[in-house]
Amino acid sequence: VTALVVALPLVVPPPVPLANAHAHNDYEHTRPLFDALACGFCSVEADIWLAKDGLLVAHTPLALRATRSLKSLYLDPLRERVKRNGGKVYQDGPPFYLMIDVKTDAKETWPELAKVLDEYADILTVTKDGKTETKAVTVVISGSCDREGIEKIAVRYAAIDGRPKDLDGEKSAQLIPWVSQSWAVMFKWDGTGDMPDAERKKLTDYVAKAHKQGRKVRFWATPDKPEMWKELLAAGCDFINTDKLDELQAFLLKQRK
């Protein structure tokens, strides 16, 4: 008698959503957006250029391709996922952020970007009449950012990635929900040896000041290694910038345990 063996499909559990994980230059991975989602990242970063073919995603102009647009790489698949997950990027997960780093002229790019974002009103956090409704995806604009244009638009589907000086300004956390800075501008420690006590205090005080205002903190160009991630996490930094998706995922999962 020949036994009939039926191969059952492997059931892969969904990734654990990691609120602190930010995929720096996400579009340079093999599967933009999807590699980050497979690791549970809750924030991804895309550089955009205003070109004749629309808003294209790339690190340099030489890498621009009509097939790699903001819509096709990010907004369309995010919309599809949100619909599939009952209105969220991760079912029962934390908020999800799409950072858009504008590389072309701010005044020329923002009107075109605003039109594109309007098309995704069903999934994007919106601010209207001074009130913000948080939806599945919150867009934050960095780089060549038309602050005036973003602020004055009546219905906006994007916020501004601020800088440390904004912590001493008067703009609301609705408009500027993040503050970001290059690590080396504020700190000398590079992840080698122990972090100096004075720099650790400076970091924790900075994060506390931002949090008191309802803003999140991110650094870019941080040494991409566990020693740095540990200090950022301990200080309460909201996002850890990385190009090493798998390694940061493993680190954050270990910290949760």
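Reading the values: the criteria
- The residue count restarts for each chain, going from 1 along the sequence in the order it is written.
- Predicted model: local features are reported for residues with pLDDT of at least 70 only, side-chain atom pairs are reported and counted for 80 or more only, and whole-chain, interface and lining totals are derived from all residues.
- Hydrogens and water molecules were not included; the side-chain quantities draw on all heavy atoms of the structure.
- Two strands qualify as a pair provided DSSP detects at least 2 bridges between them.
- Here a strand is any run of E in DSSP of at least two residues, a helix any run of H or I of at least four, and the numbering for each starts at the N terminus.
- The convention used is that axes are lines fitted to C-alpha atoms, helices contributing only their stretch in contact, and that angles between N-to-C directions extend from 0 to 180 degrees.
- Convention used here: angles under 35 degrees read as roughly parallel, angles over 145 as roughly antiparallel, angles from 65 to 115 as roughly perpendicular, and any remaining angle as oblique.
- Put simply, a crossing is left-handed when the front helix is turned counterclockwise from the back one by less than a right angle, and right-handed when it is turned clockwise.
- Contacts between residues were defined by any pair of non-hydrogen atoms, one from each residue, lying within 4.5 Å.
- The rule is short: rings of Phe, Tyr and Trp, with Trp giving its six-membered ring, pair when the centres are within 6.5 Å, and they are stacked under 30 degrees, edge-to-face over 60, tilted in between.
- Any Lys NZ or Arg CZ that is within 6 Å of a ring centre and within 35 degrees of that ring's normal is treated as a charge sitting over the ring.

Chemist: Sorry, what's going on with the sheet that holds strand S6 (residues 131–133) here?
Modeler: Two modes of strand pairing occur in sheets, parallel and antiparallel, and in both the strands are linked by backbone hydrogen bonds. Taken in spatial order, the three strands line up as S6-S5-S8 in an open sheet, and their pairing is antiparallel. Every other strand in the sheet has two partners, leaving S6 and strand S8 (155–156) as the edge strands with one partner each. Bridging between strand S5 (residues 126–128) and S8 involves two bridges; their strand directions are antiparallel. In the sheet register, Thr127 faces S8, and the bridge partner there is Arg156.

Chemist: Honestly, the pairing of strand S3 (residues 54–57) in this entry has me stumped. Any pointers?
Modeler: Along any regular strand, the residues point their side chains to alternate faces of the sheet. As paired elements, strand S2 (residues 41–51) and S3 share four bridges and run antiparallel to each other. Looking at the pairing, Ala51 lines up with Gly54 of S3.

Chemist: Even after reading the chapter, I still don't get the packing of helix H6 (residues 197–212) against helix H7 (residues 226–235), so can you show me in this structure?
Modeler: Two measures define how a pair of helices packs: the angle their axes make with one another and the distance between the axes. Where H6 meets H7, the axes come as close as 9 Å, and the angle between the chain directions of the two elements is 45 degrees. Between H6 and H7, the crossing angle belongs to the class labelled oblique. Crossing geometry of H6 relative to H7 is assigned as right-handed. Between H6 and H7, the contacting residues are Arg200, Leu203, Thr204 and Val207 on the first element and Glu231, Leu232 and Ala235 on the second.

Chemist: Help me understand the packing of aromatic side chains, please; the structure alone is not making it clear to me.
Modeler: Two numbers describe a pair of aromatic rings. These are the distance of the centres and the angle of the planes. By the definition in use, this model includes eight aromatic pairs. Seen in terms of ring centroids, Tyr97 and Phe239 are 5.5 Å apart; in terms of plane orientation they differ by 85 degrees. Their pairing is edge-to-face. Of this pair, Tyr97 sits in strand S4 (residues 96–102) while Phe239 sits in the loop between H7 and strand S12 (240–242), placing them 142 residues apart in sequence. Relative to Phe187, the ring of Trp183 lies with its centre 4.3 Å away and its plane at 25 degrees, an arrangement referred to as stacked. Connected via pairs of aromatic rings, a cluster forms that spans Trp183, Phe187, Tyr206 and Phe219. Its guanidinium or amino end placed over the ring of Phe187, Lys202 lies 5.3 Å from that ring's centre, counting from NZ or CZ.

Chemist: Honestly, the environment of Trp49 in this entry has me stumped. Any pointers?
Modeler: Position of Trp49 relative to the elements: it lies in strand S2. With 27 residues separating them along the chain, Trp49 and Asp76 place their C-alpha atoms 18 Å apart. Those residues in contact with Trp49 that sit more than four places away from it in its chain are Gly54, Leu55, Leu56, Ala58, His59, Thr60, Pro61, Leu64, Lys103 and Thr104.

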